[in-house]
Amino acid sequence: MMTADYPKDMRTVSVFSGAGGLDIGAIEAGANVIWANDMMKEACQTYRVNIGEHIVCGDINEKMKELDGMNDISLVIGGPPCQGFSVAGKMDANDRRSQLIWSYLSVLAMLRPRAFVMENVKALGTLQKWEGTRNLLIKSMRDLGYSVNFIVLNAKDFDVPQARERIFVIGFQGDASLVPDLQRMVKSYRKPAKTVREVLLTLDRAGTGNNQDVCRAKITLAHHPVLRKTPYAGMIFNGLGRPIRLDSYSATLPASMGGNKTPIIDERELYEGAKPWVDTYFDDLLRHPQAPETTAVPAYLRRLTVAEAALIQTFPRGYQFQGSQSMKYTQIGNAVPCNMAKAVVQMVIDVLQGKKQITYTSKEQQMLFAPEEIYTANVPPVFPPTYERV
């Protein structure tokens, strides 16, 4: 069970908590998480085993009534399901999961915390397709009395060995006409990450000791490989699992890991410092683009294990994921990297405790967020049916 020396007044509510990645970071930053929620049974079990009994399992729109009357909340955190917005998904505004950002907004309207942190996929913060939704969300948060802005951050800049870009929408109670300069505010909390190799070498070999949960999905070569600039970007294996750059950062770990979408590790490269097999094979393909029928994948290539994926997401060593192996991978892939969460929430808590001041954008930048101009969508998003629009 995770414990922390946190100030008792930093009362925090967590929604869409998953297996607890964002919450772990928040607790390490000083948050006192008193209520959490997720609807995935296995994620709730994982949270309960590792963090605490305060996790409530079920649909937030049904469980939200439990928050009624809860006072003096300093912070609300959460990462609403992102599949509806993700470029890796269907990007459907009518996807039920796309509507859960409004459930998050309903929680803010009910609790009126001193500050909040909402995490989601990069696409929500950058794609024109979601501009109307993004702008309405920010305007609605301002209407609740928050000085709010959003920022796209890369996990590798926050001590996470993974190139994973995510949007964070952050707000503070105060003058809603002012826009926090989050780029400047978060700058001092950045910390370069270790390489994947440095992280994975702290574990035992796959299938032994503290690294038992091995993915058995077979690795086979594509007969019609898609070649790009490097073997780490193209598709030379069947499935979407690609080799990991051990001396750099992993690509984004997906929630779909567990089969042939699980990333690939070269054990000779990892443990013996050998040249990556995939580099040699890639060079051969450049000379002969059609994959040789007789070429087999060597036995020292394997899939990323559960424990390795968890460390790349910076979960604490020995974190006990519950459920089937595929559900463990799903929980890990869905999580906010713990170290990234800690940095972002630490910045917010430092402001709430008076250790840091809010830095605001220039007047010219603030004009870009003028409330009367902020909503430009042609079709308003659908709000949760059981809660009034705020």
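Residues numbered from 1 in each chain as written. Predicted model: local features only at pLDDT ≥ 70, side-chain atom pairs only at ≥ 80, totals over all residues. Heavy atoms only, no water.

A. Geometry of the overall build of the protein chain. Broken down by element type, the protein chain carries 14 helices and 13 strands. Burial statistics for the protein chain: of 390 residues in total, 54% are counted as buried. Looking at the protein chain alone, contacts between residues at least 24 apart form 71% of all its contacts between residues at least 6 apart. (Helix = DSSP H or I, 4+ residues; strand = E, 2+ residues; numbered from the N terminus. Buried < 20%, exposed > 50% of the residue type's maximum accessible area, 1.4 Å probe, protein only. Contact = heavy atoms within 4.5 Å.)

B. Expanded view of the packing of aromatic side chains. Per the counting criterion, the structure on display carries 6 aromatic pairs. Note on Phe 315 and Tyr 319: the rings are 4.8 Å apart at their centroids and 40° apart in plane angle, and the pair reads as tilted. With respect to class, Phe 315 is no different from Tyr 319; both count as buried. Linked through ring pairs, Tyr 104, Phe 116 and Tyr 146 together constitute an aromatic cluster. The residue whose ring lies beneath Arg 205 is Tyr 271, and the NZ or CZ to ring-centre distance is 4.0 Å. The ring of Tyr 300 has Arg 268 sitting right over it, with the charged end atom 5.0 Å from the ring centre. (Phe/Tyr/Trp six-rings, centres within 6.5 Å; stacked < 30°, edge-to-face > 60°. Lys NZ or Arg CZ within 6 Å of the ring centre and 35° of its normal.)

C. Local environment of the sheet that holds strand β4 (residues 75-78). What the 7 strands build is an open sheet, ordered β3-β2-β1-β4-β5-β8-β6; its pairing is mixed. Looking at strand neighbours, the two that pair on one side only are β3 (55-57) and β6 (146-154), the edges of this open sheet. Neighbouring strand axes in the sheet, compared pairwise and without regard to direction, differ in orientation by 15° on average. Sheet topology note: the strand β5 (residues 115-121)/strand β8 (residues 165-173) ladder contains 7 bridges and is antiparallel. Across the sheet, residue Ala 115 finds its bridge partner in β8, namely Phe 172. (Pairing = 2+ DSSP bridges. Axes fitted to C-alpha atoms, helices over the stretch in contact; angles between N-to-C directions.)

D. Here's a closer look at the side chain of Thr 262. Along the chain, Thr 262 turns up in the loop between β11 (250-251) and β12 (264-266). Of the residues examined, Thr 262 reaches a relative accessible area of 0% and is grouped as buried. Within the local environment of Thr 262, its side chain forms a polar contact with the backbone nitrogen of Gly 258, the two atoms lying 2.6 Å apart. Those residues in contact with Thr 262 that lie beyond four places of it in its chain are Cys 215, Gly 241, Met 257, Arg 303, Leu 304 and Tyr 329. (Polar contact = N/O pair within 3.5 Å; in protein donor to acceptor, adjacent residues only side chain to side chain.)

E. Up close: unusual backbone geometry. For Asp 72, which is not a glycine, the phi torsion comes out positive at approximately 55°. Take Asp 72: it is sitting in the loop between α3 (60-63) and β4. Phi at Asp 159 takes a positive value of approximately 60°, unusual for a residue other than glycine. Within the fold, Asp 159 resides in the loop between β6 and β7 (162-163). Residue Asp 159 is classed as buried on the basis of its relative accessible area, which comes to 16%.

F. Main features of the packing of helix α1 (residues 21-29) against helix α13 (residues 338-352). Direction vectors running N to C along α1 and α13 enclose 45°, while the axes themselves pass 7 Å from each other. In this view, α1 runs oblique relative to α13, as classed from their interaxial angle. The handedness of the crossing between α1 and α13 is right-handed. On α13, the residues touching Gly 21, Leu 22, Ile 24, Gly 25, Ala 26, Glu 28 and Ala 29 of α1 are Cys 338, Ala 341, Lys 342, Val 345, Gln 346 and Ile 349. (Parallel < 35°, antiparallel > 145°, perpendicular 65-115°, else oblique. Left-handed = near helix turned anticlockwise from the far one by under 90°.)

G. View of the environment of Ala 335. Assignment of secondary structure puts Ala 335 in the loop between α12 (325-334) and α13. Placed 313 residues apart in sequence, Ala 335 and Leu 22 show a C-alpha to C-alpha distance of 7.2 Å. Ignoring sequence-local partners within four residues, the contact set of Ala 335 consists of Gly 21, Arg 164, Gln 313 and Phe 315.

H. Focus on the pattern of salt bridges. A full pass over the atoms with the stated rule returns 14 salt bridges. The residue Asp 157 makes a salt bridge to Arg 190 at a minimum N-O spacing of 3.5 Å. One end of the pair, Asp 157, is in the loop between β6 and β7; the other, Arg 190, is in the loop between α7 (182-186) and α8 (196-200), with 33 residues separating them in the sequence. Residue classification places Asp 157 among the partly exposed positions, given a relative accessible area of 24%. A salt bridge links Asp 247 to Arg 197, with the shortest nitrogen-to-oxygen separation between them at 2.7 Å. Of this pair, Asp 247 sits in the loop between β10 (235-237) and β11 while Arg 197 sits in helix α8, and the two are 50 residues apart along the sequence. The network of salt bridges with shared partners includes Lys 156, Asp 157 and Arg 190. (Salt bridge = Lys/Arg side-chain N within 4 Å of Asp/Glu carboxyl O.)

I. Spotlight on helix α6 (residues 131-143). End to end, α6 covers 18 Å across 13 residues, agreeing with the expected 18 Å (1.5 Å per residue, within 8%). Counting buried residues in α6 gives 10 out of 13 residues, a clear majority hidden from the surface. Among all positions of α6, only Gly 132, Thr 133, Arg 134, Asn 135, Leu 136, Leu 137, Ile 138, Ser 140, Met 141 and Arg 142 are buried. One or two steps after α6, the chain reaches Gly 145, where phi turns positive at roughly 100°. (Expected span 1.5 Å × (residues − 1).)

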